[in-house]
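Residue-level listing of the chains:
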Amino acid sequence: MGGFMPTYIKKCPECGGINLVLNKEKGEVICRDCGLVIEEKMVDFGQEWREFDPEQADKRRRTGAPSTWTKFDKGLGTDVGQKGDIYQLKSKERNKFLENLISDLISSENEEGALSSLERYNLEILKQEFEKLNVQFENPKKQKILDEINDIQRSTKLIEQELAKLDPDFEKSKVQELKKDKKSLEQKQKQLIQEFYRQFPKIGNLLKIQPLSLSRVREHLPEGTLLLQYLVTEENLYILGLSKTDQFIQMVSIPESELNEKVETFRKSLEDAKESKKWGQELYKVLIEPVVEKFGEYTQLGFIPSKKLHTLPFQALTNGEKYLVEEYSIFYLVSTSLLDLMREEPKRSYKKILAMGNADGSLKYSEQEVNKIKELYPISEVYVRNKATEKLVREAQGMDILHLATHGLVNWSNPTESFILLAPDEDYDGRLTLREIYGIEWSYEMVFLSACNTGSGKEMTGNEVDSLSNAFIAGGAKSLISTLWSVDDLATGMLSERFYSHLKLGESKARALQLAQLEVKNQYNAPYYWAAFALTGDWK
């Protein structure tokens, strides 16, 4: 191969890493973070994963790459065989492959590579959840691009099916023609996704898997904040920590089945202060204690859970003396890449809240809850019972916060069945579904779902995430407070009132929620009453 790599390549087009090694003899650059081999003739900055060509195996080996990549290049351990493009794998197989890659990177003490690959894994999960929904956007420009992308994906799939039927030795010209058509479609799809991401960056994250570099993530993390990311695999749990100045990885030897059992037992014990403390301490030993010596002077913790841990209230974990929320303000993220979409400074002087309560008449204290908000923020708008309509929620303008004290459900295993219950009107049926939430452009700074039960529905089956939080954030809201189970509405009203009181005094969202939870805890000690509330997204 003639020539050497162009000197303008400063970072890996795969993972954004800068740990590049030049092999002049072979005219290639190797990324030691993710294992990508970049060659002069195949540089493609939009390419997500390089396809493996078995005829060029020696030339394109992944020097210094993790063993998962080496196995993959040889077509071992996957259904792909010699095809090599992991995006031809089904989602579960793809996720398993990424889990193995992260495990290998951790085993080789490649912290930056593991953190970067974990973010790609998280974005892949979000993308899969989004694709299940068949979202219809209200914005016609969004929908037009999405329709074109979907058409291309269908056409590409038909070509792949046709190629699978052909014998490349006897139908070489037909195979080459179809491969050329497939490549052209993929290039067009890539351009459409880039255009979608450019015009609509928040929802675009669900189409274009583009992790933030670790340096960019650090830029968004303030002093005093530690971000803890978890990866649950069949045999082990991995805890990856990241702050402005530090990073670390810790492996905990615990099978996924045992961890899931502990989480379920803890959730079932939440109404009993003594039992919940016992099981909260058990989980603390697994999830916090192995890395607690790294906490130092941090005052705020962010969590990116994995699998069943999405249903866990980390704020209720305890070392036996104090709950986590007594020492730290806490927030959650579904992906570090969303930090880039929160870089604008949020409002600290909220004035107008759209508060909706008791849409179906079954939550008697929720009307008091929303009226308390009106007392704190006099120019807010409050609607209850049959006036708390879906149309108002969709079309309200000039509001800082949307507060919904009404029923809702997130079904973990079938997101299309998730909804928020409002009053029907002349245009809408009163069931604001997850698919519809994704399709709306939200203007609210924050959404507070005080009575929505995001922990119900069918049992989780694997990598499901809290799609409700992600849907609002992808649609424009910077943060969302939701509940992990149905909470006593009297305690909910108290927590809501205390939260908004602290927010009005200028506290950050995370700090205001922490203080409110501690105040409710003083009256209702069992975590059932105060620990269900979780802040996802912008904590500021």
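Cut-off values and rules
Residues numbered from 1 in each chain as written. Predicted model: local features only at pLDDT ≥ 70, side-chain atom pairs only at ≥ 80, totals over all residues. Heavy atoms only, no water. Phe/Tyr/Trp six-rings, centres within 6.5 Å; stacked < 30°, edge-to-face > 60°. Helix = DSSP H or I, 4+ residues; strand = E, 2+ residues; numbered from the N terminus. Lys NZ or Arg CZ within 6 Å of the ring centre and 35° of its normal. Core = buried A, V, L, I, M, F, W, Y, C linked by side-chain atoms within 4.5 Å. Buried < 20%, exposed > 50% of the residue type's maximum accessible area, 1.4 Å probe, protein only. Contact = heavy atoms within 4.5 Å. Expected span 1.5 Å × (residues − 1). Polar contact = N/O pair within 3.5 Å; in protein donor to acceptor, adjacent residues only side chain to side chain. Patch = residues over 30% accessible without salt bridge, like charges linked within 9 Å, V, L, I, M, F, W, Y side chains within 5 Å. Areas by Shrake-Rupley, 256 points an atom, 1.4 Å probe, with all protein chains shown as cover. Salt bridge = Lys/Arg side-chain N within 4 Å of Asp/Glu carboxyl O. Lys, Arg positive; Asp, Glu negative; His and termini not counted. Charge placed at Lys NZ, Arg CZ, Asp CG, Glu CD. Pairing = 2+ DSSP bridges. Axes fitted to C-alpha atoms, helices over the stretch in contact; angles between N-to-C directions. Parallel < 35°, antiparallel > 145°, perpendicular 65-115°, else oblique. Left-handed = near helix turned anticlockwise from the far one by under 90°.

**Q** Hey, could you go over the packing of aromatic side chains for me, with residue numbers and the actual values?
**A** Scanning the model with the defined rule gives 17 aromatic pairs in all. Summarising the aromatic geometry, the rings of Tyr-230 and Phe-314 are spaced 5.4 Å apart at their centres and angled 40° between planes, so their arrangement reads as tilted. Of this pair, Tyr-230 sits in strand β4 (residues 225-232) while Phe-314 sits in the loop between β7 (300-304) and β8 (329-332), placing them 84 residues apart in sequence. Feature note: the residues Tyr-377, Phe-448, Phe-499, Tyr-500 and Phe-533 constitute an aromatic cluster, connected by ring pairs. Above the face of the Phe-419 ring, Arg-431 is positioned so that its terminal group lies 3.9 Å from the ring centre.

**Q** Outline the nonpolar core, listing residues and values.
**A** Ranked by internal contacts, the top residues of the largest apolar core, which has 98 residues, are Tyr-230, Leu-237, Leu-287, Phe-303, Leu-309, Phe-499 and Tyr-500. For Phe-303, the contacting residues outside a window of four places in its chain are Leu-227, Leu-228, Tyr-230, Ile-288, Phe-314, Leu-324, Ile-330, Phe-331, Tyr-332 and Leu-333. Residues Phe-200, Val-393, Phe-472 and Ala-474 belong to the second largest nonpolar core, which totals 45 residues.

**Q** How would you explain helix α4 (residues 140-165) if you had to name every residue and give the values?
**A** With 26 residues, α4 extends 38 Å between its outermost C-alpha atoms, agreeing within 8% with the 38 Å of an ideal straight helix rising 1.5 Å per residue. Here α4 has its buried residues at Lys-142, Gln-143, Ile-145, Leu-146, Ile-149, Ile-152, Thr-156, Ile-159 and Leu-163. A side-chain oxygen of the first residue of α4 lies 2.9 Å from the backbone nitrogen of Lys-141; this N-cap is Asn-139.

**Q** How would you explain a negative patch on the surface if you had to name every residue and give the values?
**A** A contiguous patch of negative charge on the surface is contributed by Glu-162, Asp-167, Asp-169 and Glu-171. Here Glu-171 shows up in the loop between α4 and α5 (172-199).

**Q** Account for the environment of Glu-160, naming residues and giving values.
**A** Structurally, Glu-160 is set in helix α4. Glu-160 gets classed as partly exposed once you look at its relative accessible area, which sits at 31%. Considered as a pair, Glu-160 and Lys-182 are 22 residues apart in the sequence and their alpha carbons are 8.0 Å apart.

**Q** Account for the pattern of salt bridges, with residues named and values stated.
**A** Under the defined criterion, the tally for this structure stands at 22 salt bridges. Among the salt bridges present, the one from Glu-282 reaches Lys-285, with a minimum N-O distance of 4.0 Å. Separated by three residues within a single helix, Glu-282 and Lys-285 lie in helix α9 (residues 273-287), roughly one turn from each other. Arg-498 is paired through a salt bridge with Glu-497; the nearest N and O atoms lie 3.4 Å apart.

**Q** Before we move on, can you summarise the pairing of β4 with the specific residues and values?
**A** Of all eight residues in β4, eight are buried, a share of seventy percent or more. Side-chain alternation along β4 places Thr-225, Leu-227, Gln-229 and Leu-231 on one buried face and Leu-226, Leu-228, Tyr-230 and Val-232 on a second face that is also buried. Examined bridge by bridge, β4 and β7 share five bridges and lie parallel to one another. Residue pairing in the sheet places Gln-229 in a bridge with Ile-304 of β7. The sheet contact formed by β4 and strand β5 (residues 237-242) spans six bridges and is antiparallel.

**Q** With reference to specific residues and values, describe the packing of helix α8 (residues 256-268) against α9.
**A** At a minimum axis separation of 9 Å, α8 and α9 run at an interaxial angle of 150°. Judged by the angle between their axes, α8 and α9 are roughly antiparallel. Relative to α9, the crossing made by α8 is left-handed. Contacts from Leu-259, Lys-262, Val-263, Thr-265 and Phe-266 in α8 reach Ser-276, Trp-279, Gly-280, Glu-282, Leu-283, Val-286 and Leu-287 in α9.

**Q** Hey, could you go over the environment of Leu-480 for me, with residue numbers and the actual values?
**A** Here Leu-480 lies in strand β16 (residues 479-483). Discounting chain neighbours no more than four positions away, the residues touching Leu-480 are Val-447, Leu-449, Leu-468, Ser-469, Phe-472, Ala-534, Leu-535 and Thr-536.

**Q** Describe the environment of Arg-216, with residues and values.
**A** Looking at where Arg-216 falls in the secondary structure, it is placed in helix α7 (residues 214-220). Linking Arg-216 and Asp-340, residues 124 residues apart in sequence, is a C-alpha distance of 7.8 Å.

**Q** Could you give an account of helix α14 (residues 489-504), naming the residues involved and the relevant values?
**A** Residues spaced three or four apart along an α-helix face the same direction, because each turn holds 3.6 residues. In this model α14 runs 22 Å from its N-terminal to its C-terminal C-alpha over 16 residues, within 8% of the 22 Å that 1.5 Å per residue would give. Taken together, the buried positions of α14 are Asp-489, Ala-491, Thr-492, Gly-493, Leu-495, Ser-496, Phe-499, Tyr-500, Ser-501, His-502 and Leu-503. For α14, the N-terminal cap is Asp-488; the gap from its side-chain oxygen to the backbone nitrogen of Leu-490 is 3.1 Å. Downstream of α14 by a residue or two, Gly-506 has a phi angle that is positive, lying close to 100°.

**Q** Describe the pairing of β16, with residues and values.
**A** Most of β16 sits out of view: five of its five residues are buried. In this structure, β16 lies alongside strand β17 (residues 533-537), joined through five bridges in antiparallel fashion. Bridge pairing links Ser-482 to Ala-534 in β17.

Purely geometric stuff here, so don't read any function into it on its own.
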